[in-house]
Amino acid sequence: MKKQFAIIGLGRFGSSVCKELHRMNHDVLAIDKDKHKVNELKNHATHTMVADGTDETVMSKAGIRNFDHVIVAIGEDIQASILCTLILKDFDIKQVWVKAQNDHHHKVLEKIGADKVFHPESDMGERIAEFLTSEKVIDYIDLSDEFSIVETLATEKVKGKSLADLDIRAKYGCTIIAIKQKNKVDVTPHPEDRLNPGDILVVIGHKNDLRRFQKEGL
Ligand code: ATP
C-alpha cells in the first residue's frame, strides 16, 4: 500500500532512506535547508523542498501535518533535530522517527515524544560485527538489546536431521520460525521437516542463545 513519508535532512542517511522509499513507490517529500542536497534528490522523491525544519510556520505551510510518518535525519545539529522533533510532535504527527547523534540526544528525543529513535552508525556497526564473527549468519534483525532474529545457514552437521532431532528450543532456548529452501519459504516448519546443507534457518531468540546455537548446534 502506498504511504506518505516526509524526510527532513538529506545527508547520507536521509537521502538513502528517501531513495529507497521512492524506489518502493511510496510518496516522499524530501526537505533540506541546503538547496544542493535537495537538487541531488529531485529524481528520487515525489516532492522536494528547500526549508528549515525548525521553522514552524514554514513546516506548517509545507503541509507536514498531512503526513503520518516523518523521519528527522538532521545529524550534527542536535539542537535543530530536537526543535524539529518538538514541532512535529506538537503537530500531532503520528510517527516521528529521529536519527540520534549520541545517547544524550537519544534520551531527550524519547522524552519529547519521538516515536522511534535510531543510531544508524552504531546499529550498522553491530550488524557488521555480527556478520564478521559468524560465517553462518546471512542476515540479522535486532528486536531489542537482548533479542534478535537471525538468518543462518544449515551446515553439513545437520544434514538429514529433523527439527525434532535438533530440539533447539530445549537445548538452546531459540525457535526456528521459518526455513528457506531454494525458491520456497516454509513459515510453519514441522518437527519432522529434515534439513539440508544450504537451507536457511530463520531463528528467533536471546542473542546469547542464538550465538550458542550457531556455534554448537550448526
Ligand atoms: P549523514 O551521516 O546522514 O550524512 P550527518 O549526521 O553528517 O548525516 P548532517 O550532515 O549534519 O548529518 O545533517 C544531515 C542533513 O540535514 C544535511 O544535509 C543538513 O543540510 C540537513 N539539516 C541540518 N539542519 C537542518 C534544518 N534545520 N532543516 C533542514 N535540514 C537541515
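In this text, all values refer to a predicted model and were calculated from it rather than measured experimentally.

Engineer: Could you clarify how one ought to interpret the site of the ligand in this entry?
Structural biologist: If you check the shell around the ligand, you find 20 residues, and the closest are Arg12, Phe13, Asp32, Asp52 and Gly53. One of the side-chain nitrogen or oxygen atoms of Lys37 is found 3.0 Å away from an oxygen atom of the ligand. Measuring from an oxygen atom of the ligand, one finds a backbone N or O atom of Gly75 at 3.3 Å. Considering the ligand on its own, with 640 Å² of exposed area, one finds that the protein chains cover 87% of that surface. Under a 2 Å grid-point criterion requiring more than half of the atoms, the pocket assigned to the ligand is the second largest pocket. For the shell around the ligand, a count of residues per class yields six nonpolar, five polar and nine charged.

Engineer: Help me out: how do you make sense of the nonpolar core in this one?
Structural biologist: Note on soluble globular proteins: their nonpolar side chains tend to be buried together. By size, the foremost hydrophobic cluster in this structure holds 24 residues, and its most contacted members are Ile8, Ile64, Val70 and Leu88. Listed by contribution, the elements that provide at least two residues to this core are strand E1 (4–8), strand E2 (27–32), strand E4 (69–72), helix H4 (78–90) and strand E5 (95–99). By residue number, the principal contributor to this core is H4, which donates five residues. Not counting chain neighbours up to four residues away, the residues in contact with Val70 comprise Ala6, Ile8, Ile64, Leu88, Ile93, Gln95, Val96 and Trp97. Core analysis: the next-biggest nonpolar cluster, separate from the first, contains 18 residues, Val150, Leu166, Leu195 and Leu201 among them.

Engineer: Would you take a moment to explain the UniProt feature "domain: RCK N-terminal" (unreviewed entry) in the protein chain for this structure?
Structural biologist: The feature "domain: RCK N-terminal" (unreviewed entry), as annotated in UniProt, sits at residues 2–118 in this numbering. For residues 2–118, the end-to-end C-alpha separation is 24 Å, with 39% helix and 23% strand making up the annotated structure.

Engineer: What am I meant to see in a nonpolar patch on the surface here?
Structural biologist: On the surface, a cluster of nonpolar side chains totalling about 280 Å² of accessible area is made up of Ile141, Leu143 and Phe147. Take Ile141: it is sitting in strand E7 (residues 137–142). Using a relative accessible area of 47% as the deciding quantity, one classes Ile141 as partly exposed.

Engineer: Looking at this structure, how should I read the pairing of E5?
Structural biologist: By the bridge criterion, four bridges tie E4 to E5 in an arrangement that is parallel. Of the residues in E5, the one forming a bridge with Ile71 is Trp97. You can see the chain leave E4, run along H4 and come back into E5, and the turn it takes is right-handed. The sheet contact formed by E5 and strand E6 (residues 116–118) spans three bridges and is parallel. Note on E6: the bridge partner recorded for Lys99 is Phe118. The parallel pair E5 and E6 is bridged by helix H5 (residues 103–111), and the resulting crossover is right-handed.

Engineer: I would appreciate a short explanation of the pattern of salt bridges in the present structure.
Structural biologist: If the charged atoms of two oppositely charged side chains come close together, the side chains can form a pair. Within this structure, the stated rule accounts for eight salt bridges. Between Lys89 and Asp115 there is a salt bridge, with the nearest N and O atoms lying 2.9 Å from each other. Placement of Lys89 in helix H4 and of Asp115 in the loop between H5 and E6 is noted, with a sequence separation of 26 residues between them. For Asp142, the salt bridge goes to Lys207, with nearest N and O atoms at 2.8 Å. Highlighted residues: Asp142 in strand E7 and Lys207 in helix H9 (residues 207–217), separated in sequence by 65 residues.

Thresholds applied
- Residues numbered from 1 in each chain as written.
- Predicted model: local features only at pLDDT ≥ 70, side-chain atom pairs only at ≥ 80, totals over all residues.
- Heavy atoms only, no water.
- Near = heavy atom within 4 Å.
- Polar contact = N/O pair within 3.5 Å; in protein donor to acceptor, adjacent residues only side chain to side chain.
- Areas by Shrake-Rupley, 256 points an atom, 1.4 Å probe, with all protein chains shown as cover.
- 1 Å grid on protein atoms, 1.4 Å probe; cavity = no way out; pocket = protein on both sides within 12 Å on 5 of 7 lines; lining within 4 Å.
- Sits in = over half its atoms within 2 Å of the grid points.
- Nonpolar A, V, L, I, M, F, W, Y, C, P; charged D, E, K, R; others polar.
- Core = buried A, V, L, I, M, F, W, Y, C linked by side-chain atoms within 4.5 Å.
- Buried < 20%, exposed > 50% of the residue type's maximum accessible area, 1.4 Å probe, protein only.
- Helix = DSSP H or I, 4+ residues; strand = E, 2+ residues; numbered from the N terminus.
- Contact = heavy atoms within 4.5 Å.
- UniProt positions renumbered as here; feature names shortened; annotations may be inferred.
- Patch = residues over 30% accessible without salt bridge, like charges linked within 9 Å, V, L, I, M, F, W, Y side chains within 5 Å.
- Salt bridge = Lys/Arg side-chain N within 4 Å of Asp/Glu carboxyl O.
- Pairing = 2+ DSSP bridges.
- Right-handed = clockwise from strand over helix to strand, strands pointing away.

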